[in-house]
Amino acid sequence: MMNFQNVVNQKFGEIVEKGNGFLNSKYPIMGGAMTWVSENNLVSAISNAGAFGVLACGSMSPKELEIEIKKTQEKTKYNFGVNLILMHPNLRELLDVCIKMSVKYVVFAGGFPKKSQILYLKNKNIKTLGFATSLLIAKKLKSNGIDALIIEGSEAGGHVGPVSTSVLVQEILPFISEIPIFIAGGIGRGESFLNYLQLGASGCQIGTRFVCANESIAHKNFKNIFIRSESRNAQISSQLDDRLPVIPVRAIANKASKLFWEEQKKVLAELESDKISLKEAQLKIEKFWAGSLKKAVIDGDIDHGSLMAGQSVSMVKKLQSVEEIIEEIIFQAKEKLHQQVKDK
């Protein structure tokens, strides 16, 4: 029996080798960067538990990001990344903060990073990751020098694209093997994690499962509604008008979902009257979500605050430590692999 378990452990080790090698972690599980949630406490706990935490910069100022990175470094000796939103008005300063603070990984989000931005970090020995929402974008990012890709499907929480994880995986994964690819969106159990690894992924990104971790600073009201919610409760926001393109957001439906319609009307009126530019209009929408999310996560206002959550929220059943969540996912993956080896 012991020899049989050794075979399982060996096979699992071979499957996770590429992702672990890239992240320099025990398990190729990236923590999803969730604004107000993925701060120094949760991120350091994820890295300390053997996975790979990612700080969500969101709308932080360069100084705020520097402080947050420093706090995280004081709480973990292991690697972690920093997620930067490309439309941030002080992006260049944020990149310089990451360089100054000896950050080793930067995740570009909310758009398509320029080749110059990727190389600016790579020349400082910082590994870069970017989100690919199609095979064309994945190939372009790879040619621009990105070190790894994240394929995130519409099942994820927060800002999402229009295509499901399962379709994106089939579209992209078989055609790019030169760089690591991490899968995100709707992953809540170890069996799914293992499945993507066996299909050729280097690892996965998981966000929603960590919201109700003991180490998460999210308000108890926010955590409680996650525990009570089903997958169908996490719905995608609608765009009011084509003249104001906004990235859809998946969140648990509440009064804030309706308030978003009113915010779009208000911003659209300013755009039509030439009071603001399109970029300024989009930034106003982003600030709405950031402020609304803070109401829910920090203040506990689950009626008027945004309850960003992925469809895997149905798999969040109780409060757990980060270590318990990660070990549970790994146990489920190895149990599935154990059954596969046994059936051969």
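Residues numbered from 1 in each chain as written. Predicted model: local features only at pLDDT ≥ 70, side-chain atom pairs only at ≥ 80, totals over all residues. Heavy atoms only, no water.

A. Summary view of the overall build of the chain. A count of helical and extended segments in the chain gives twelve helices and eleven strands. Taking the principal axes of the C-alpha coordinates as reference, the chain spans close to 70 × 45 × 40 Å. A total of 344 residues make up the chain; the buried ones form 54% of that total. Counting every atom, the chain has about 15600 Å² of accessible surface; 51% of that belongs to carbon and sulfur. Here the chain contributes 43 positive and 35 negative side-chain charges, whose respective centroids are spaced 2 Å apart. (Helix = DSSP H or I, 4+ residues; strand = E, 2+ residues; numbered from the N terminus. Buried < 20%, exposed > 50% of the residue type's maximum accessible area, 1.4 Å probe, protein only. Areas by Shrake-Rupley, 256 points an atom, 1.4 Å probe, with all protein chains shown as cover. Lys, Arg positive; Asp, Glu negative; His and termini not counted. Charge placed at Lys NZ, Arg CZ, Asp CG, Glu CD.)

B. Structural view of the nonpolar core. By size, the foremost hydrophobic cluster in this structure holds 96 residues, and its most contacted members are Leu65 and Leu84. Those residues in contact with Leu84 that sit more than four places away from it in its chain are Cys57, Leu65, Leu91, Leu94, Leu95, Cys98, Val106, Val107, Phe108 and Ala109. Ranked by size, the runner-up nonpolar core spans 14 residues in total, among them Phe22, Leu129, Phe131 and Ile150. (Core = buried A, V, L, I, M, F, W, Y, C linked by side-chain atoms within 4.5 Å. Contact = heavy atoms within 4.5 Å.)

C. Structural context of the packing of aromatic side chains. Counted under the stated rule, the structure contains seven aromatic pairs. Ring centres of Phe52 and Tyr105 lie 4.9 Å apart, and the angle between their planes is 75°; on these two criteria the pair is classed as edge-to-face. In this pair, Phe52 is assigned in the loop between α2 (40–48) and β2 (53–56) and Tyr105 in strand β4 (residues 105–109), connecting sequence segments 53 residues apart. Since its relative accessible area comes to 0%, Phe52 is described here as buried. Taken together through their ring pairs, the aromatic side chains of Phe22, Phe52, Tyr105 and Phe182 make up a single cluster. (Phe/Tyr/Trp six-rings, centres within 6.5 Å; stacked < 30°, edge-to-face > 60°.)

D. Geometry of the sheet that holds strand β3 (residues 80–85). Across the sheet, which stays open at both edges, the eight strands sit in the order β1-β9-β8-β6-β5-β4-β3-β2 with parallel pairing between neighbours. The outermost strands of the open sheet, each flanked by one partner alone, are β1 (29–31) and β2. Here the average twist between neighbouring strands, direction ignored, is 25°. Pairing of β1 with strand β9 (residues 203–206), which is carried by three bridges, proceeds in the parallel orientation. Bridging across to β9, Ile29 finds its partner in Cys204. (Pairing = 2+ DSSP bridges. Axes fitted to C-alpha atoms, helices over the stretch in contact; angles between N-to-C directions.)

E. Structural view of the sheet that holds strand β7 (residues 158–159). Strand order in the open sheet formed by three strands is β7-β11-β10, with antiparallel pairing between adjacent strands. The strands lining the two open edges of the sheet, one partner per strand, are β7 and β10 (234–236). Here two bridges tie β7 to strand β11 (residues 249–252), and the two strands are oriented antiparallel to one another. In the strand pairing of β11, His159 is matched with Val249.

F. Highlighting the pairing of β4. The buried count for β4 comes to five of five residues, which makes it a mostly enclosed element. Neither face of β4 is open: one carries Tyr105, Val107 and Ala109, the other Val106 and Phe108, and all of them are buried. Regarding topology, helix α4 (residues 91–100) serves as the crossover connection from β3 to the parallel β4, and that connection is right-handed. Alignment of β4 against strand β5 (residues 127–131), held across four bridges, turns out to be parallel. Bridging across to β5, Tyr105 finds its partner in Lys127. Since β4 and β5 lie parallel, the crossover through helix α5 (residues 115–122) that links them has a hand, and here it is right-handed. (Right-handed = clockwise from strand over helix to strand, strands pointing away.)

G. Local environment of the pairing of β11. Both faces of β11 are covered, namely the face carrying Val249 and Ala251 and the face carrying Arg250 and Ile252. In terms of strand pairing, β10 meets β11 through three bridges, oriented antiparallel. If you follow Ile236 over to β11, its bridge partner there is Arg250.

H. Spatial organisation of the packing of α4 against α5. The geometry of α4 relative to α5 is characterised by a closest axis approach of 10 Å and an angle of 20° between their N-to-C directions. With respect to α5, the element α4 is oriented roughly parallel. With respect to the hand of their crossing, α4 and α5 are arranged in right-handed fashion. Packed against α4, whose contacting residues are Leu91, Arg92, Leu95, Asp96 and Ile99, the element α5 presents Gln117, Tyr120 and Leu121 at the interface. Considered class by class, the residues forming the contact of α4 with α5 number five nonpolar, one polar and two charged. (Parallel < 35°, antiparallel > 145°, perpendicular 65-115°, else oblique. Left-handed = near helix turned anticlockwise from the far one by under 90°. Nonpolar A, V, L, I, M, F, W, Y, C, P; charged D, E, K, R; others polar.)

I. Broad picture of the environment of Ser216. The residue Ser216 is located in the loop between β9 and α9 (220–228) in this model. Residues Ser216 and Arg250 lie 34 residues apart in sequence; the distance between their C-alpha atoms is 20 Å. Non-local contacts of Ser216, meaning those with residues more than four positions away in its chain, are made with Val37, Leu42, Phe210, Val211 and Lys223.

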